[in-house]
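# Residue-level structure breakdown
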Amino acid sequence: MHSDSKELYQYIQYFFDDWDNSKEAKELSQIKIKKAWDQKKYRDKVKGKKVLNIYLDSKVKDELKKLAKEQNKTITSVIENLINREIKLINNTKAFEKINKNRTGLVLNIGSSQKKTRARF
C-alpha cells in the first residue's frame, strides 16, 4: 500500500519507465488501465441505483428531453424528481384526509349503502 497519491504516481511512472517492453505494449497497457479505472468510477457512481428499461411514446420522450433541458438536468434526474414529487403529494393528501376524517368524525363505508356518522367536538 502507498501512503499517498503522489507516491503511487511515482511508483506507476517507475513501473512504466523501467518496463522492458516496446512503446506500443506500454501504450496498450496504459489504455487498459485507463479503461479499468473509468469502469471503476462508473460502478462507484451508479452504486445504489437500478436499471429501468421502459418504452415511451416518441412525443412523451421529446417532452421529457425538453423538460430536462429547461431544468438543466438529466432525464434520469427529472424522472426521479417527478416520481418523488408525486409520492410526496400522495402522502400529503393521505395525511390531509386522515386529519379531516378525525375532525369531522365522518366515516363512510364504501360498498355499503349506510353512512355512519359520529359527532365529535
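Quick caveat: nothing in here was measured; it's all calculated off a predicted structure.

A separate point is the overall build of the protein chain. Tallying secondary structure elements over the protein chain gives four helices and two strands in all. Ordered by position from the N terminus, the helices and strands of the protein chain form the series α-α-α-α-β-β. A burial count over the protein chain gives 6% of its 121 residues as buried. A separation threshold of at least 6 residues defines the contact pool for the protein chain, and within that pool the share at least 24 residues apart is 0%. With the model as given, the accessible surface of the protein chain reaches about 11,900 Å², and the carbon-plus-sulfur share is 55%.

The next subject is the confidence of the model for the protein chain. Considering every residue of the protein chain, the mean pLDDT works out to 81; 80% of them sit at 70 or more. In the model of the protein chain, strand S2 (residues 115–117) stands out as the element of lowest mean pLDDT, 51, in contrast to helix H3 (residues 58–71), which has the highest, 96.

Turning to unusual backbone geometry, a few remarks are in order. The phi angle at Asn 72 is positive, at roughly 55°, despite the residue not being glycine. Looking at the element boundaries, Asn 72 is found in the loop between H3 and helix H4 (75–104).

Before going further, it helps to examine the pattern of salt bridges. Inspection of every chain in the model, using the stated rule, returns four salt bridges. Among the salt bridges present, the one from Lys 40 reaches Asp 44, with a minimum N-O distance of 2.7 Å. You can see Lys 40 and its partner Asp 44 sitting in helix H2 (residues 23–45), four residues apart, about one turn around the helix. Under the relative-accessibility criterion, Lys 40 is labelled partly exposed at 35%.

Each value, and the rule that gives it
Residues numbered from 1 in each chain as written. Predicted model: local features only at pLDDT ≥ 70, side-chain atom pairs only at ≥ 80, totals over all residues. Heavy atoms only, no water. Helix = DSSP H or I, 4+ residues; strand = E, 2+ residues; numbered from the N terminus. Buried < 20%, exposed > 50% of the residue type's maximum accessible area, 1.4 Å probe, protein only. Contact = heavy atoms within 4.5 Å. Areas by Shrake-Rupley, 256 points an atom, 1.4 Å probe, with all protein chains shown as cover. pLDDT = per-residue confidence, 0-100. Salt bridge = Lys/Arg side-chain N within 4 Å of Asp/Glu carboxyl O.

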